[in-house]
Amino acid sequence: MTLPTRTEPLAAEAAQSAAPAWLLLIHHLPPKPDYLRVKVRRRLERLGAQPVKSSVYVLPLRPETLEDFQWLAHEIRADGGEATICAASFLSGMSDDDLIASFRSARDSDYADIASAAAAVDHDAAEAVLTRLAKRLTSAAGVDHFASPTRAEAERALEAAEHRVRGASPQVATMAGAPGDMPRGRTWVTRSGVFVDRIASAWLIRRFIDPDARFAFVAAARYRPAPNELRFDMFDAEFTHEGDNCTFEVLLARFGLTDPALATLAEIVHDIDLKDEKFGRPETPGVSAMLEGIAATTSDDAARLDRGAQLFDGLYAALGVGR
């Protein structure tokens, strides 16, 4: 007896159970006008869309990416082409991890080019050179759909170039001092998708520098702070990496925090963030794993800070505070 196959029902069940995670733009362009193909390709590049096939492009399924594809589809149709937008899940042939890797690889290339160009900027460079690099960084960050870790390297390289050309920022220089010298209740702004250094620095700020601190999370690399706002661990921030010191270390130095337990925490944060094994503390791999777990299970930035604060409270206590 031949048993019936369940190939089609199983495929249907898989399709129903997999929530759509991607947007597909399927388009067909007429042979004329000639410029249309170039125009559409450039628009797709500016959106950060990745090709699946020659006429099929993909973006993560989000309200803002749907709007981007809708506008582009409207333009394609207005020029005589055809365009369809689909919400889709990939069940075979290409995995979500493959797609995410392709998005990050594209941004890695952008950030590497920016970092290389910034490293070549000397102290005699014109201000316009920095402006062009900043615009490139803003554009790349705007389509960094999966938070490429190399973005921070490009930001640090551009910040170093700005210091070579402009010198130290007067605003940054005036921020140094004891925590008691700081106004309370400032809004501290940092990049969204907070991770190691930003989580640790936010804990340090609220615990030892500004107990009434509020935190805001932004995407733009060139975010301009409003009155009563301070930036940390982001491009052109008042408090960010200096030399080979991470932001946590910079905050300790700038506010004169000399607690030995904080110094130990700074070594742990440094090695996780900069990946240079400078201090080699035995606690580092475990702390890194816990922070990765927070990031993997919590997408909301405020929630990440809350969970990170519990982690760093415990580490601070374990390192001997109050004993």
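A few points on the structure. The model shown is predicted, which means the values in this text are computed figures rather than measured ones.

Cut-offs used in this document
Residues numbered from 1 in each chain as written. Predicted model: local features only at pLDDT ≥ 70, side-chain atom pairs only at ≥ 80, totals over all residues. Heavy atoms only, no water. Helix = DSSP H or I, 4+ residues; strand = E, 2+ residues; numbered from the N terminus. Expected span 1.5 Å × (residues − 1). Buried < 20%, exposed > 50% of the residue type's maximum accessible area, 1.4 Å probe, protein only. Arc of directions from axis to C-beta. Contact = heavy atoms within 4.5 Å. Pairing = 2+ DSSP bridges. Axes fitted to C-alpha atoms, helices over the stretch in contact; angles between N-to-C directions.

Before going further, it helps to spend a moment on helix 3 (residues 63-78). Between the first and last C-alpha of helix 3 there are 23 Å, a value that for 16 residues agrees with the 22 Å anticipated at 1.5 Å per step. Listed as buried for helix 3 are T65, F69, L72, A73 and I76. The buried side chains of helix 3 occupy one side of the element, clustering within an arc of 105 degrees when seen end-on. With respect to the buried face of helix 3, the exposed residues turned more than 90 degrees away are P63, W71 and A78. Contact partners of the buried residues in helix 3: strand 1 (22-28), helix 2 (35-47), strand 3 (56-60) and strand 4 (82-88). At the C-terminal side of helix 3, G80 shows a positive phi close to 90 degrees.

By definition, the strands of a sheet pair up through backbone hydrogen bonds, in either a parallel or an antiparallel sense. Spatial ordering of the open sheet is given by 2-3-1-4, a layout of 4 strands whose pairing is antiparallel. The strands lining the two open edges of the sheet, one partner per strand, are strand 2 (50-53) and strand 4. Sheet twist, expressed as the average angle between the axes of neighbouring strands with direction ignored, equals 30 degrees. Sheet topology note: the strand 2/strand 3 ladder contains 3 bridges and is antiparallel. Residue pairing for strand 3: P51 is matched across the bridge by Y57. Contacts from helix 3 reach strand 1, strand 3 and strand 4 within the one sheet, and its direction differs from that of strand 1 by about 5 degrees.

So, about the sheet that holds strand 6 (residues 214-218). Strands sit in the order 6-5-7 across an open sheet of 3 strands; the sheet is parallel. For this open sheet the edge positions go to strand 6 and strand 7 (229-231), each flanked by a neighbour on one side alone. Neighbouring strand axes in the sheet, compared pairwise and without regard to direction, differ in orientation by 30 degrees on average. With 3 bridges joining them, strand 5 (residues 187-191) and strand 7 adopt parallel strand pairing. By the bridge assignment for strand 7, V189 is matched with R231.

Just geometry here; none of it tells us what the structure is for.
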